[in-house]
Amino acid sequence: MKLGQIGVRRAEIADAGRIADVHDAAWRQAYRGIIPGKDLERMIARRGPLWWKRALDRHTAVLVLEVGGRIVGYATLGPNRMRMLPQAGEIYEIYLDPDHQGLGFGKLLFEAARAELRRYGLASFSVRVLSDNEPAIAFYERLGGRIVAETGERIGEATLPLVVFGFEPA
C-alpha cells in the first residue's frame, strides 16, 4: 500500500537497523514507568539490528511504514499465541517513532497488518496490551477492539497485567 510518500510494505533485511531504531524510541516512550527500568533497558538492548536481521532471515512477518522514504513504524504478526482464544491471528506489535504518533499512521499500519493477516487466512485476530499502557488501550478501543481476556506477562521479577483485544473480520 503506497499513498504518495507514505507506504506500508514487507520489511527487508536491509531494514533491520531502522526497525531497531524505531523499536528503541517507541519502547522508551511507551513503557517508561510501566516496565521496571533495568528490565526495559535489557529488553530494548536485546532487540537491536542483529535480532531484527535474524527475525527477517527466518521470514518473520514484519511490515514497515515509510514516510518520505524513511521507516517510521513497524508491525509484526502471525498466528495467535494464545491458543485458548477463538481469534486465529495476532498482531504481535505495532510501534511508531514517537514523532509520528497521533497523525493517523498507527491506524494505517493497523489496517495493513489486518489485511496481511487476512491474506494468511487469519481474518479474526487478537492484540495483547499491557494494562497500564493507556494510549495503546485507547487506540485499540477506537479501532473497534473488545477485551476478550485479561492475563499477565512476566517481565523480570514482576508480573504485569495485560488485556487482550479481539478483532473480528472487517
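Refer to the structure presented above.
Reference entry: report on the structure contained in this document.

About the thresholds
Residues numbered from 1 in each chain as written. Predicted model: local features only at pLDDT ≥ 70, side-chain atom pairs only at ≥ 80, totals over all residues. Heavy atoms only, no water. Helix = DSSP H or I, 4+ residues; strand = E, 2+ residues; numbered from the N terminus. Axes fitted to C-alpha atoms, helices over the stretch in contact; angles between N-to-C directions. Parallel < 35°, antiparallel > 145°, perpendicular 65-115°, else oblique. Left-handed = near helix turned anticlockwise from the far one by under 90°. Contact = heavy atoms within 4.5 Å. Nonpolar A, V, L, I, M, F, W, Y, C, P; charged D, E, K, R; others polar. Salt bridge = Lys/Arg side-chain N within 4 Å of Asp/Glu carboxyl O. Buried < 20%, exposed > 50% of the residue type's maximum accessible area, 1.4 Å probe, protein only. Phe/Tyr/Trp six-rings, centres within 6.5 Å; stacked < 30°, edge-to-face > 60°. Lys NZ or Arg CZ within 6 Å of the ring centre and 35° of its normal.

A word on unusual backbone geometry. Positive phi, close to 65 degrees, is recorded for His59, a residue that is not glycine. Residue placement: His59 occurs in the loop between α3 (49-57) and β3 (62-67).

What follows is about the packing of helix α1 (residues 16-31) against helix α2 (residues 37-46). Between α1 and α2, the shortest axis-to-axis distance is 10 Å and the interhelical angle comes to 160 degrees. The orientation of α1 with respect to α2, classified from their angle, is roughly antiparallel. The crossing of α1 and α2 is right-handed. Here His23, Asp24, Trp27, Arg28 and Tyr31 of α1 come into contact with α2, specifically with Leu40, Glu41, Met43 and Ile44. For the contact of α1 with α2, a count of residues per class yields five nonpolar, one polar and three charged.

Turning next to the pattern of salt bridges. In this structure the tally under the stated criterion is 16 salt bridges. The closest approach of N and O atoms between Asp21 and Arg18, which form a salt bridge, is 3.8 Å. Taken together, the positions of Asp21 and Arg18, both in helix α1 and three residues apart, correspond to about one turn of that helix. For Asp21, a relative accessible area of 44% gives the class partly exposed. A salt bridge links Glu41 to Arg28, with the nearest nitrogen and oxygen atoms 2.5 Å apart. On the criterion of sequence distance, the pair formed by Glu41 in helix α2 and Arg28 in helix α1 is long-range, its members being 13 residues apart.

This part takes up the packing of aromatic side chains. Aromatic rings considered in pairs are described by the distance between their centres and by the relative angle of their planes. Enumeration over the complete set of coordinates arrives at 14 aromatic pairs. Measuring from centroid to centroid gives 5.8 Å for Trp27 and Tyr95, while their planes differ by 50 degrees, and the two rings are tilted. You can see Trp27 sitting in helix α1 and its partner Tyr95 sitting in strand β5 (residues 89-96), a full 68 residues away along the chain. In this pair, the class of Trp27 matches that of Tyr95, namely buried. Each ring, one from Phe125 and one from Phe167, has its centre 5.0 Å from the other, and the planes form 10 degrees; the classification is stacked. Linking Phe125 in strand β6 (residues 125-130) with Phe167 in strand β8 (residues 158-167), this pair joins segments that are 42 residues apart in sequence. Neither Phe125 nor Phe167 differs from the other in exposure class; each is buried. An aromatic cluster of three or more residues is present, and its members are Trp27, Tyr31, Trp51, Trp52, Tyr74 and Tyr95. Directly above the ring of Trp51 sits Arg47, whose terminal nitrogen or CZ lies 4.0 Å from the centroid.

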